[in-house]
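Residue-level structural notes
If you want the building blocks of each chain, they are given just below.
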Amino acid sequence: IYSLSHPYSMIQVQENLLSALIFYAVAYVCLSFQSGTGQKRSFNALVTMVVIGVFSVKLGYDISTQPTSHYKILEIGRHSSTLDIRRNYKRLSKIYHPDKNLHSTEDMFQRVKDSYDVLMDEEHRDMYNRFGSSSFEFDPRKDELKLMTDVAVEYLFFGLTAYLMTLPLGARSARTWLTILGIVMLAVEVMFKLTETTLPDWMPETLTEHEVIFYLHSFFPLVVALLRILSESFYVDVDQTALAVLKEVYLQQKATGALLQQLAVLVESGAHTPAPASHQSSSTEEQRQEQVVDIQSKLGVLREQLEQAGDNTTQLIEDLRQCATNPGSQYYFLVFIVLYGGIYYLQM
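Residues numbered from 1 in each chain as written. Predicted model: local features only at pLDDT ≥ 70, side-chain atom pairs only at ≥ 80, totals over all residues. Heavy atoms only, no water.

1. Structural notes on the overall build of the chain
- Counting its regular elements, the chain contains 13 helices and zero strands.
- Listing each helix as α and each strand as β along the chain from the N terminus yields α-α-α-α-α-α-α-α-α-α-α-α-α.
- Within the chain, buried positions represent 34% of all 348 residues.
- Here the analysis covers contacts within the chain between residues at least 6 apart in sequence; of these, 74% occur between residues at least 24 apart.
- Carbon and sulfur atoms make up 63% of the accessible area of the chain, which amounts to about 20800 Å² in all. (Helix = DSSP H or I, 4+ residues; strand = E, 2+ residues; numbered from the N terminus. Buried < 20%, exposed > 50% of the residue type's maximum accessible area, 1.4 Å probe, protein only. Contact = heavy atoms within 4.5 Å. Areas by Shrake-Rupley, 256 points an atom, 1.4 Å probe, with all protein chains shown as cover.)

The following block contains the structure:
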């Protein structure tokens, strides 16, 4: 609705919105099945492959709906001079001109001419690099309020969809990383749209700042889905784990009480055994030895059960301890340093 009310609104507000919503819907259904299977790693891998497959279709659709880059049409790079542009235009116009090549089409020749007209004009070329081919009717930088409003609408959509995708308890730990990713995307977009920051030389020559933002927006839904999968795979329910600890302790106490009761019966029966006569001494001695062996075996069983219960309880307590801490928090500062260095490098 906002885009319709602003004819010169940024194309990112409108583009790929439908494909992103469809991807979110399919991914949410797949991840709902995942959360109901006991977080089995094998099933998580299957869900991941399905999500990546659906995203591949989405990305292919997004790319197919984008117009071909003017730089690719003229077979030049973004750092090419006007002389290079004119030289390639003359060469390609001879190839695609309908009067000189019967196998060529007028559409292809027109695309070459349009690309030449855009890239030969320095102002249009800069607008195309930063905002795409939809910005020629109006320079968005002349109204920064509307430009920032457009950006805010974009990231409101990203934030809302990310919030809805991470509603389950097991997925909420992904919100911190998604927030970091959103801040990075916003910083990069603001730099490319509101400053004179350009792409570094090591990036592909035909890539523009607008296309970088386009790919960031396109890949964001996939990152949301993958982070949710990772969060739910490593999630430990505190309440369920605490109940499991209590249940383990209760069962162990019950088993220990039963064994102690059996031992008490054996000891009591041995204490009340009458003194044996001389002719019964050998058989009574064998019975007492059997009772001793029985007591020792039960003590061994009791010891094993106590050790097993101790190991189980220790593991559950460790799980609870991990729930109380954020294992990714130790990397936040490192991520901040790397991102700050990257942004500083782009601005050089």
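2. Some thoughts on the packing of aromatic side chains
- Inspection of the entire model under this criterion finds seven aromatic pairs.
- Pairing Y155 with F158 gives two aromatic rings, centres 5.4 Å apart and planes at 80°, and the pair type is edge-to-face. Note that Y155 and F158 are positioned in helix α8 (residues 144–165) at a spacing of three residues, about one turn of the helix.
- Look at Y155 and you get buried, because its relative accessible area is 15%.
- Among the aromatic residues, those joined into a cluster by ring pairs are Y155, F157, F158 and F220. (Phe/Tyr/Trp six-rings, centres within 6.5 Å; stacked < 30°, edge-to-face > 60°.)

3. Some words on the packing of helix α9 (residues 175–194) against helix α10 (residues 209–233)
- Relative to each other, α9 and α10 sit at 175°, their axes nearing to 11 Å. In terms of orientation, α9 and α10 fall into the roughly antiparallel class. For the pair α9 and α10, contact is made by W177, L178, L181, M185, V188, E189, F192 and K193 and by E209, V212, I213, L216, H217, F220, V223, V224 and L227, respectively.
- Tallied by class, the residues present in the contact of α9 with α10 amount to 13 nonpolar, one polar and three charged. (Axes fitted to C-alpha atoms, helices over the stretch in contact; angles between N-to-C directions. Parallel < 35°, antiparallel > 145°, perpendicular 65-115°, else oblique. Nonpolar A, V, L, I, M, F, W, Y, C, P; charged D, E, K, R; others polar.)

4. Quick word on the pattern of salt bridges
- Across all of its chains, the model carries eight salt bridges by this definition.
- Among the salt bridges present, the one from K58 reaches D62, with a minimum N-O distance of 2.6 Å. With a gap of four residues between them, K58 and D62 both fall in helix α3 (residues 41–64), about one helical turn apart. Of the two residues examined, K58 and D62, each falls in the buried class.
- K113 is paired through a salt bridge with D117; the nearest N and O atoms lie 3.3 Å apart. (Salt bridge = Lys/Arg side-chain N within 4 Å of Asp/Glu carboxyl O.)

5. Brief notes about unusual backbone geometry
- Phi is positive for E75, which is not a glycine, with a value near 60°.
- With respect to the helices and strands, E75 occurs in the loop between α4 (70–74) and α5 (82–96).
- The exposure class of E75 is partly exposed, given its relative accessible area of 47%.

6. Overview of helix α7 (residues 122–131)
- The set of residues buried in α7 consists of R125, M127, Y128, N129, R130 and F131.
- In this structure, the buried side of α7 is in contact with α4, α5, α6 (106–120), α8, α9 and α10.
- Of the residues flanking the start of α7, the one acting as N-cap is D121, its side-chain oxygen 3.0 Å from the backbone nitrogen of E123.
- Directly beyond the C-terminal end of α7, a positive phi value near 90° is found at G132. (Polar contact = N/O pair within 3.5 Å; in protein donor to acceptor, adjacent residues only side chain to side chain.)

7. A closer look at the confidence of the model for the chain
- In the predicted model, the chain carries a mean pLDDT of 75, and 66% of its residues have values of at least 70.
- Mean pLDDT across the secondary structure elements of the chain bottoms out at helix α1 (residues 2–5), with 43, and peaks at α4, with 90.
- For the stretch residues 1–14, pLDDT sits under 50, and the model shows 31 contacts to residues farther than four places along the chain or on other chains.
- Taken together, the stretch residues 35–39 has pLDDT below 50 and engages in six contacts with residues farther than four places along the chain or on a different chain. (pLDDT = per-residue confidence, 0-100.)

8. A short note on the nonpolar core
- Counting 23 residues, the largest nonpolar core has F23, A27, V47, V51, M165, F220 and V224 as its most contacted members.
- At the level of secondary structure, the elements contributing two or more residues to this core comprise α2 (17–35), α3, α8, α9 and α10.
- No other element matches α10, which puts six residues into this core.
- Within the second largest apolar cluster, 13 residues are counted, among which are L92, V118, L119 and Y128. (Core = buried A, V, L, I, M, F, W, Y, C linked by side-chain atoms within 4.5 Å.)

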